[in-house]
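# Geometric and topological summary
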Amino acid sequence: MRSRSNSGVRLDYYQRIVHRLILAHQEPVTGLFPASNVNSHAWIRDNVYCILAVWGLSMAYKKIADQDEDRAKCYELEQSCVKLMRGLLMAMMNQKDKVEKFKMTQSPYDSLHAKYSSKNGLPVVGDNEWGHLQIDAVSLYLLILAQMTASGLQIVFSLDEVSFIQNLVFYIESAYSIPDYGIWERGDKTNHGEPELNASSIGMAKAALEAMNELDLFGARGGPASVIHVLADEAHKCQAVLQSMLPRESNSKELDSGLLCVIGFPAFAVDDAQLIHNTKDAILSRLQGKYGCKRFLRDGYRTPKEDPSRLYYERWELRMFENIECEWPLFYCYLILFHAFQSDKRAVEEYASRLEKIMVRSEDGILLVPESYAVPQDLVGFEYQKPGSQVREVVGRCPFLWGQSLFILGRLLQEGFLAVGELDPLNRRLGAQKKPDVVVQVVIIAEDNEIRDKLAEHDLHVQTIAEVAPIEVQPARVLSHLYTYLGRNRKLGLSGRKSRDVGILSTSKLYSLKDRIFAFTPQFADLSRFYIASDNELMIDILKGEINFLKSAWDLLGRPLVTLVLKRIHLDQDKIPLAMIQTMRKLKSGYINGTRVMLGSLKDFLNTSAITDLSFLGSTEDGYPDRLHPDVQTYLDEHLLRSFSNRSTMNLRGGQLRPRTLRRRMSCKGAIKKTRSINVDSDNLGMEGPSPLTERRLSSIVPPPWLQANKQSHVSVFATTPEEGPTSSPLSLGNELIRENIYPVDPHHSRSAIDRRSEFVRQQEMPKILIQRHRAETNFADTEVEELIAMLRETENLEEQGDILQYLVDTQGLDFNTGMLEEGRVVTVRDLLKGLYEKACQQKLWGLVRHTAGMLGKRVEDLAKAVTDLLVRQKQVTVGMPPNNEHTITAPLPEVELRQLIHDAYGDDESTAMLTQELMVYLAMFIRTEPQLFHEMLRLRVGLIIQVMAKELSRTLNCDGEAASEHLLNLSPFEMKNLLYHILSGKEFAVSSVARGNLSIVSCKSSRVSKKSQIGLGDPEGEDALIATIDDRQGQWLRRRRLDGALNRVPRDFYSRVWTVLEKCQGLAIEGRVLQQSLTQEMTPGELKFALEVETALNQIPQPEYRQLVVEALMVLTLVTEHNMVPTLGGIIYVEHLVHKANQLFLEDQRKVQGDATLCCAKIKDGKEQQQAASGMLLCGGAAYICQHLYDSAPSGSYGTMTYMSRAVALVLDCVPKHGEMECAIS
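Keep in mind it's a predicted model, so treat the numbers as computed, not measured. (Residues numbered from 1 in each chain as written. Predicted model: local features only at pLDDT ≥ 70, side-chain atom pairs only at ≥ 80, totals over all residues. Heavy atoms only, no water.)

On to the overall build of the protein, then. Secondary structure summary: the protein contains 46 helices and 35 strands in total. For the protein, with 1227 residues in total, the buried portion stands at 59%. Sequence-distant contacts in the protein: of pairs separated by 6 or more residues, those separated by 24 or more amount to 72%. If you sum the accessible surface of the protein, you get close to 50,400 Å²; carbon and sulfur atoms cover 51% of it. (Helix = DSSP H or I, 4+ residues; strand = E, 2+ residues; numbered from the N terminus. Buried < 20%, exposed > 50% of the residue type's maximum accessible area, 1.4 Å probe, protein only. Contact = heavy atoms within 4.5 Å. Areas by Shrake-Rupley, 256 points an atom, 1.4 Å probe, with all protein chains shown as cover.)

The element strand β18 (residues 561-566) is extensively covered by neighbouring structure, given that 6 of its 6 residues are classed as buried. Of the two faces of β18, the one carrying Leu561, Thr563 and Val565 and the one carrying Val562, Leu564 and Leu566 are both buried. In this sheet, β18 lies alongside strand β11 (residues 439-446) in parallel orientation, the contact comprising 6 bridges. Each residue of the ladder has a partner; that of Val442, found in β18, is Val562. (Pairing = 2+ DSSP bridges.)

A separate point is the pattern of salt bridges. Scanning the model with the defined rule gives 67 salt bridges in all. Residue Glu415 is joined to Arg10 by a salt bridge in which the shortest nitrogen-to-oxygen separation is 2.9 Å. Note that Glu415 is positioned in the loop between α14 (401-414) and α15 (420-423) and Arg10 in helix α1 (residues 6-21), a separation of 405 residues in sequence. With a closest N to O distance of 2.9 Å, Glu422 and Lys63 form a salt bridge. Taken as a pair, Glu422 in helix α15 and Lys63 in helix α2 (residues 44-63) lie far apart in primary sequence, 359 residues in all. Exposure remark for Lys63: the relative accessible area of 48% places this residue in the partly exposed category. Sharing partners across several salt bridges, the network here consists of Glu173, Glu234, Lys237, Arg497, Asp501 and Lys865. (Salt bridge = Lys/Arg side-chain N within 4 Å of Asp/Glu carboxyl O.)

To continue, consider the nonpolar core. Core analysis: the largest hydrophobic core is formed by 149 residues, its most contacted members being Tyr141, Leu142, Leu145, Met212 and Leu406. Of all the elements, α2 adds the most residues to this core, at 13 residues. Those residues in contact with Tyr141 that lie beyond four places of it in its chain are Ile44, Val48, Met85, Leu88, Leu89 and Met92. Ile540, Phe549, Ala553 and Phe926 belong to the second-largest nonpolar core, a separate cluster that totals 129 residues. (Core = buried A, V, L, I, M, F, W, Y, C linked by side-chain atoms within 4.5 Å.)

The next point concerns the sheet that holds strand β30 (residues 939-941). Here we have 3 strands laid out as an open sheet, ordered β29-β28-β30, and mixed in their pairing. Edge positions in the sheet fall to β29 (887-889) and β30, since each has one partner strand and no second. Ignoring which end each strand starts from, the neighbouring axes of this sheet average 25° apart. Across 3 bridges, the pairing between strand β28 (residues 876-879) and β29 is antiparallel. Bridge assignment links Val877 to a residue of β29, and that residue is Ile889. (Axes fitted to C-alpha atoms, helices over the stretch in contact; angles between N-to-C directions.)

For the rest of this paragraph, the subject is the environment of Gln134. Along the chain, Gln134 falls in the loop between β2 (115-117) and α5 (135-150). Sequence spacing of Gln134 and Ala175 is 41 residues, and the spatial spacing of their C-alpha atoms is 10.0 Å. Setting aside residues no more than four positions away along its own chain, Gln134 makes contact with Arg45, Ala114, Asp180, Tyr181, Gly182 and Glu185. Reaching out from Gln134, the side chain makes a polar contact with the side chain of Glu185 at a distance of 2.9 Å. (Polar contact = N/O pair within 3.5 Å; in protein donor to acceptor, adjacent residues only side chain to side chain.)

Time to look at α5. With 16 residues, α5 should reach 22 Å at 1.5 Å per residue; the first-to-last C-alpha distance of 23 Å fits that figure. α5 sits mainly inside the fold: 15 of its 16 residues count as buried. Phi for Gly152, located one or two positions after α5, is positive at around 110°. (Expected span 1.5 Å × (residues − 1).)

For the protein, the average pLDDT comes to 81, and 83% of its residues sit at 70 or higher. Per-residue pLDDT stays below 50 along residues 682-781; that stretch engages in 167 contacts with residues further than four places along the chain or on separate chains. Contacts from residues 1006-1031, a stretch scored under 50 in pLDDT, to residues over four places away or in other chains number 33 contacts. (pLDDT = per-residue confidence, 0-100.)

Before going further, it helps to examine helix α33 (residues 910-929). Its 20 residues give α33 an end-to-end C-alpha distance of 29 Å, which sits within 8% of 28 Å, the value for a rise of 1.5 Å per residue. With respect to burial, α33 is a largely interior element, 17 of its 20 residues being buried.

Once that is clear, we can look at the sheet that holds strand β16 (residues 510-513). The strand order across the open sheet built from 4 strands is β13-β17-β16-β21, with neighbouring strands paired in mixed fashion. In the strand order of this sheet, the two ends are held by β13 (471-474) and β21 (611-613), each with one partner. Across this sheet, the average inter-strand angle for adjacent strands is 30°, counted without regard to direction. By the bridge criterion, 4 bridges tie β16 to strand β17 (residues 516-520) in an arrangement that is antiparallel. Counterpart to Ser512 in the pairing with β17 is Ile517. The strands that helix α17 (residues 476-483) touches are β13, β16 and β17; relative to β17, the one it contacts most, it runs at about 120°.

Attention now moves to the packing of aromatic side chains. Applying the stated criterion across every chain, the model contains 26 aromatic pairs. For the pair Tyr332 and Tyr351, a centre-to-centre distance of 5.7 Å together with 45° between the ring planes defines the contact as tilted. Of the two residues, Tyr332 is situated in helix α11 (residues 330-341) and Tyr351 in helix α12 (residues 345-358); the sequence distance between them amounts to 19 residues. Note on Tyr332: relative accessible area 0%, which makes it buried. Here Tyr483 and Tyr511 contribute two aromatic rings whose centre-to-centre distance is 6.5 Å and whose plane-to-plane angle is 85°, an arrangement assigned as edge-to-face. (Phe/Tyr/Trp six-rings, centres within 6.5 Å; stacked < 30°, edge-to-face > 60°.)

Helix packing geometry: the angle between the two helix axes and the distance between the axes. Direction vectors running N to C along α5 and helix α7 (residues 199-212) enclose 30°, while the axes themselves pass 8 Å from each other. For the element pair α5 / α7, the angle class is roughly parallel. Taken as a pair, α5 and α7 cross one another with a handedness that is left-handed. Contacts between α5 and α7 pair Ile135, Asp136, Ser139, Leu140, Leu142, Leu143, Leu145 and Ala146 from the former with Ser200, Ser201, Met204, Ala205, Ala207, Ala208, Ala211 and Met212 from the latter. Per-class residue counts for the contact of α5 with α7 are 12 nonpolar, 3 polar and 1 charged. (Parallel < 35°, antiparallel > 145°, perpendicular 65-115°, else oblique. Left-handed = near helix turned anticlockwise from the far one by under 90°. Nonpolar A, V, L, I, M, F, W, Y, C, P; charged D, E, K, R; others polar.)

Let us now look at the pairing of strand β20 (residues 595-600). Pairing geometry for β11 and β20, over 5 bridges, is parallel. Each residue of the ladder has a partner; that of Val439, found in β20, is Arg596. What sits between strand β19 (residues 591-592) and β20 in their antiparallel hairpin is a turn of 2 residues, with Asn593 showing a positive phi close to 50°.

In this chain, Cys398 is followed by Pro399 through a cis amide linkage whose omega measures 0°. Mapped onto the fold, Pro399 is located in the loop between β10 (393-395) and α14. The amide bond that connects Ala469 to the next residue, Pro470, takes the cis arrangement and shows omega of 5°. With respect to the secondary-structure elements, Pro470 resides in the loop between β12 (463-464) and β13. Unusually for a residue other than glycine, Gln106 sits at a positive phi of about 50°. Structurally, Gln106 is set in the loop between α4 (96-105) and β2. Looking at Gln106, the relative accessible area reads 31%, which means it is partly exposed. Located in the positive-phi region is Asn593, a residue other than glycine, with phi close to 50°. Mapped onto the secondary structure, Asn593 falls in the loop between β19 and β20. The class for Asn593 is partly exposed, based on a relative accessible area of 49%.

Shown next as structure tokens:
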């Protein structure tokens, strides 16, 4: 036999090691690896990692296979890999029913098991006896399956196995919204069995989805039927959530060394080089020790302080594990591979030498990687005093095969037997490199010749749907239906894709089906969906957003292609809206909002676009792969006929305007307005006098007596106590009837109730009985309903129709038969409302549109998706008006439950409930495109945001609260989104008036509007005028505090700094909630759960500006602790005392210098003043007894809020020395 080359000899040495340490344990029947000699369970994750060394060695042999025995060794090693991967595949296929069920329920009890018996591949523990839901394990399996297949191994044998793997892709595709138990199998770190969203699972799923996309599982020998399809949008959602989480691992684990496998080998899931760097640095600085890295902070596993007799920890005992967590050499193996892939030789050598020092030598001289190192029981005290000083001992398995396998891979790379590209044949490691700019292709198609000619007048030449043939243009819902056939398999009982959602990445490709080519319009352009879609400006805005999104998110071959159909329904009074023409001209110019675009026709773009083959629609199971599945055939035939046909809308009646009597006009006026619940004015809450914009509505001109008599039924949201004591009202309604939907009826009259009401409005002095809105209690005669329906036919004014219908719904219910007939069918109130809704959409009466949509129970199509988008980026959402009706949403809910929750939160106020749904959709759009707007915000309180929007309108328009909330509800969806943007970004804005009395929101830098608003709504009386007319700069800080308070914005690192304050005192009391010191025992400073605790306490404060001052007071306390001025802060600190003390000091200074506050709070006291203060209202309208002028002071400077806060801290806290020299610097 020839003498072997050096490399051959060295490889034989590794082959002996791999055989002795790894392959010797492989079960001959199933191919799986048991956990140890005494435990026969086989974990999916550990098994896949174990086999990587075998796969790496097989590829090293393949390169030097110059002799038969080398080829034989190479084949032997490859087949061990195939045997193991197929063993896991069989174990999972035995649980195919679970995969099918999980697609629907996503429940931890329906998940695939995390471990199987290595003897026969069957389950070893029950569904609920283990944290089985570990998405990272299934994802790791799919990722390595893809890499091995790409390297030339044949692992999947039949088309049934292909459909099963396609269903595994569906199993992990929603990883971004499924809380699981994660890489350490414990979920929340107290190990009480609560799953949580884990960044390591989401990253692994993203990697698997990208690796599997368009992969042929039969390798080079396969055909279209063996290809796996992934919807690109699902992988992108995983990426977006991952990027928003890193370097955090989950709610309870602020950092985790397990993230090393996501930012480096094997997943390479992060595209942003800076983020990879930050995550690695965070892990090294906080988790690295002499013996490897800790898994996460306060990890009690195998520490001497752990009580091995129980699985879970008490929350308070987590503090004991700080600084004595076990250290795992495994992470050094990951770091070696990480740096090898970055070709950083120096770092590789450094970690290799560190690793060698802590490896254990076996009897025959082989280096073994132990599982972990713990502090010995007797040295724990010393380790607490000086972390990292004590010698540790090995605990757990040795060799630890997961680590050993990665160690061997690292050695093969270091010695040059393997190149990094061989371990990553799919080139995932190149993901973080810079990509060239994406050019977005846009095609505009006209619905018919008429629209084409209208566009030609503007020098825009497009084709019609008929002219683009043979390419067929379809709405996105067709594509989503076709994707439900993907992965169906009768034999295995698998039903295909469940989610109906197709995102912009999927509709920006062309699809081929046999000899036909399809283009799909994006999902947002589907008009049947929701009223937002009938606002052209908003649709254009969304289009710009989507084009921008494509620029950053597109990573497929070819260029993205956005196809839009311009339809008859888009026209505005038979003209193409100006906004559309302007946008098309911009597209024609080649740039829009900084993105390169090309406008052209479909046939021009055929060669440059991505084309996907929909071959999975063939009826392969029936043996006709070339024929379409019969169901698909019928669906396409039916659908192609009617996809772009129009629906007719119901017409109430023809006829021109007829004169009406005044008596009738007055009857139902304002029925809609009575349902409103947005409250703005903190200082005067009854309805204001006449204002020019609302003369159409009688109820707002003559204030109805039931509103004057008990103003206090309308409880202020910003003032802590109602202005008048409960005695001033004949009917103490308490907080229950905040809404104004109270119909007064006077029993002494015999005429119809409607007449009585108009009479009632004129006379205004009658005894009152209150009737709640329940049909059972009404005593209206039928004649009245007939009269109303007659009025409904006569009136042309949609607002009036709305009021009448609102009244009918209140008294008779939605399904009341109106006695009218349309084409022989009975017409109910609901049908009339639908007709009104569609007309209001056409005429763009947005207030009415929102209200009727709410009454009809419509819901925003993407509501659940929008809420999920916010939640998975670690933002909780609350709906309802604080402080009494706020509901927090902490986990994704189905559409129906969400809608119910929102409508319960607002009671009868349909308009605001609809507005809430709408704002949630906009918030989700912003968090996708501009995540930086949401920094340092944990909860999005939609109710408060609505109030601040109304307040801001009332400030810019100089109008009262009622008018402002009317304006708010009448903003078009586009302007609403615009206003929300200005409020989130804190930009100054002004309001200008455009046609039809609609308002338009403009940034102040813009030239379209002068500094002061063009709409003045009546002169505000009294104190208000004083504040309103002074220079614009005034109110700037008050406004900033109000916005930051409403948006829950806090300074950077605020929550972790509060943790340090809490460590030094017994507790912090905020608005009656006490944050106990014990929280520092349970949670680490950077933990999201801790931040939410503090936030919950702050959210008890109803007034946003007051909340912001409390945050400032807490910041001063953190400065006291950070400069170590005092060893302890003493007992429970009442934070509000500090704020009120600061206010007192401020007023004293104001009196000394005769400042602005001498006009209100710093006045010399007299009797009237005393009485005012007792009723809870300050002259200047400041919230919570704090002077308005303090809210409006800048934080810094000698009269700044921080100065007063610091003085207050010095006075109130006993622990701060009262005299002697103290260093005092406030930055």
